Structure formats: C-alpha cells, structure tokens
Amino acid sequence: MAMPVDTRNVFTVDLEEWFHVCGVGGELAPANWDRLPSRVEQTTAIVLDLLDAVQVRATFFVVGWVSDRYPRLIEQVLAAGHEVGSHGHQHARAYDLGPGLFREDLRASMRALAAAGAARVTMFRAPEWSITERSLWALQSLVEEGVTVDASMAPTRIVGAVTNPRHPHRRQTPAGTITEVPPLVVDRFGQAMPIGWGWGLRMSSPRRVLRAIDAANRAGVPAVLTVHPWELDPDPPRVRLPARLQFAHYFRLGGFRDRLNRILRAAPFGCVGEMAGLSVP
Ligand SMILES: [Zn+2]
C-alpha cells in the first residue's frame, strides 16, 4: 500500500508503572505504590531498545511520580532523542481531581520532570483519557501552565466521547488555543475501536493496524499510536482487577513486542513535534 511520503504518524508512550491504574483501591491503591515491585526501568528499557532499533523518535508522557523516583530513566529517554510531556503527577483522572487539584498535580509533575532534565514541558496527556465534557476546564489550565499540545481526548465511547474529532485540531479556551492530538480509532462492529492503543492495538494484526494507518493517512490525518512500558513486560506481575480493567490490562500481551516492531518498521513514525501539519489550524 502506497503512503503519501509527507505523512508522518505519531508514536507515544505513557511512561508509568504497571500499578498506575486509575480508580482502583485495595492492593493497587496509591498508598501502596512504594511497596509494590517496580517494573518501570526494565520495561522502559525494552521500549527504548525497540525505538532505537527502528530509529523512531517518540513522545513520552511521563508520570511525575515515576520521574521523582527514577530521574535517570527520564534522562535516558531525553538522551535517546525522545520528547517528554506530562502524564500527571499522581496518575489521577482530571475529572476526579477537579480544577484546583488538577493544576497542583500538573505543576508537581512539571517540577519532577524539570528536576530530571525536562525543562519547559509543553505536552500533556491526562490519565485514562480523562479530559471530557466533564473536565474541559482542564484545557484552560493547561494553556495557562504553558502547555501547547494536549493528547487526552479519545474518540471512543468507553473513554472520551465518540463525538470527539479524530484528527488533530485546535481548541479555544479562555486563556488561548491548544492543539488536540487524538489517538487512532477505526469503526468496527458498529463502534469506534481503539486500534491505536490498549487492547485494540494488542488484539489487531499488524496488517490490520497498518491498513487503518494507511486509511487515516489517505484522509490526510496522521495516526497516533500509544503504548505503555508494562504492555511489553515479559513477566508482568499479576493482580486481580475489576473485569473491565482486567481486559484492558492483560488481554493479548503475548507477542505484542514483535507485532509492534512490524508496525513501526512498515510506516513512518515520529514524535508529536515532528508531526506534519501541527501548525495547521
Ligand atoms: Zn496512564
């Protein structure tokens, strides 16, 4: 399949621990995080090796909590030429935090990233795609804190909203404009399926993902893919999660690294900053 040569797709990584799951208590409650076995260094090394092998620069949305504990890891990400954005400090949903705590959490993440060498963060992704109709105020806070690109609004029913645009676009806020960069979806079984991330990406054959990327590119839209380091863990810690999260977290991890490798080799990818048309209104 021919692809327009000027289209570059976007590869992003949400850099977090395997236990950074929104809205669960018990074993994985934030109060227990420091006692849980960390896997973020090993699994991020796998992501960095993969990106190095395919010569792709990516955008890493980093949880401040991780940056505080593993600043060397963020230095490695930067030294490898990747971009760093914020994925919040405590990995909490925007609409759960509310305006005041959201801003505090955002600032804390930026301080943590700056301490690890990522000064002036201008990109953000909210945990669990949590900038929705319930939390559009967050976009204004982002602009006021110096963020120019947000990637928090998924065009699906389960997370985000099916009415969210599927292409990069500008949004107006009382504080100024912000560029929104949504993840790749396809219509399947009468629904918008997350073929660019999570279970949707893991369950799809590289051929099917590449077809979806090609279709997006033919429509002039860059495809945005997202992975988590824990999805590439060869030996993921097993915990009991509510059914929906169990599926999102563990479904078809086997062979994912190889499938991802094939996708990354077969289409042009870069970081958000390299995305063609980012400056187009
Ligand atoms: Zn996350």
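Rules used in this analysis
Residues numbered from 1 in each chain as written. Predicted model: local features only at pLDDT ≥ 70, side-chain atom pairs only at ≥ 80, totals over all residues. Heavy atoms only, no water. Donors = N, O, S within 2.8 Å, 3.2 Å for Na, K, Ca; no water. Helix = DSSP H or I, 4+ residues; strand = E, 2+ residues; numbered from the N terminus. Buried < 20%, exposed > 50% of the residue type's maximum accessible area, 1.4 Å probe, protein only. Axes fitted to C-alpha atoms, helices over the stretch in contact; angles between N-to-C directions. Parallel < 35°, antiparallel > 145°, perpendicular 65-115°, else oblique. Contact = heavy atoms within 4.5 Å. Nonpolar A, V, L, I, M, F, W, Y, C, P; charged D, E, K, R; others polar. Salt bridge = Lys/Arg side-chain N within 4 Å of Asp/Glu carboxyl O. Core = buried A, V, L, I, M, F, W, Y, C linked by side-chain atoms within 4.5 Å. pLDDT = per-residue confidence, 0-100.

Looking at the coordination of the zinc ion
Alright, step 1. Every protein donor of the zinc ion is listed here as E16 (OE), H87 (NE2) and H91 (NE2), and their distances to the metal cover 2.0 to 2.1 Å.
Alright, step 2. When the donor residues of the zinc ion are listed from N- to C-terminus, their spacing reads E-x70-H-x3-H. Of this pair, E16 sits in the loop between β1 (9-15) and α1 (40-54) while H87 sits in the loop between β3 (83-86) and α4 (94-115), placing them 71 residues apart in sequence.
Alright, step 3. Note on E16: relative accessible area 3%, which makes it buried.

Remarks on the packing of α1 against helix α3 (residues 71-79)
Alright, step 1. Running from amino to carboxyl end, α1 crosses α3 at an angle of 5°, the nearest separation of the two axes being 11 Å. When the axis of α1 is compared with that of α3, the two are roughly parallel. Where α1 abuts α3, its residues V40, E41, T44 and L48 lie against L73, Q76 and V77.
Alright, step 2. Residues belonging to the contact of α1 with α3 are distributed by class as follows: 4 nonpolar, 2 polar and 1 charged.

Let's talk about the pattern of salt bridges
Alright, step 1. Inspection of every chain in the model, using the stated rule, returns 14 salt bridges.
Alright, step 2. With a shortest N-O distance of 4.0 Å, E274 and R8 are connected by a salt bridge. You can see E274 sitting in the segment after β11 (269-270) and its partner R8 sitting in the segment before β1, a full 266 residues away along the chain.
Alright, step 3. According to the relative accessible area criterion, R8 is partly exposed, its value standing at 35%.
Alright, step 4. In the salt-bridge network here, residues are joined through shared partners; they are R103, R107, E144 and E145.

Some remarks on the nonpolar core
Buried together is how nonpolar side chains tend to be arranged in soluble globular proteins.
Alright, step 1. Counting residues in hydrophobic clusters, the biggest one holds 75 residues, and the most contacted among them are F11, F60 and I213.
Alright, step 2. Here this core takes 7 residues from α1, the largest share from any one element.
Alright, step 3. With residues near it in sequence (within four places) discarded, F60 still touches V13, L15, T44, V47, L48, L51, V77, H82, E83, V84 and G85.
Alright, step 4. If you look at the next biggest cluster of nonpolar residues, it comprises 9 residues, including V10, V149, V272 and M275.

What to know about the confidence of the model for the protein chain
Alright, step 1. Averaged over all residues, the pLDDT of the protein chain equals 92, while 95% of them reach at least 70.
Alright, step 2. Between residues 1-5, whose pLDDT stays under 50, and residues either more than four places distant or in other chains, the model counts 11 contacts.

Concerning unusual backbone geometry
Alright, step 1. Its identity as a non-glycine residue notwithstanding, H91 has a phi of 55°, on the positive side.
Alright, step 2. A relative accessible area of 7% places H91 in the buried class.
Alright, step 3. In this model, E128 sits at a positive phi of 55°, which is unusual for a non-glycine residue.

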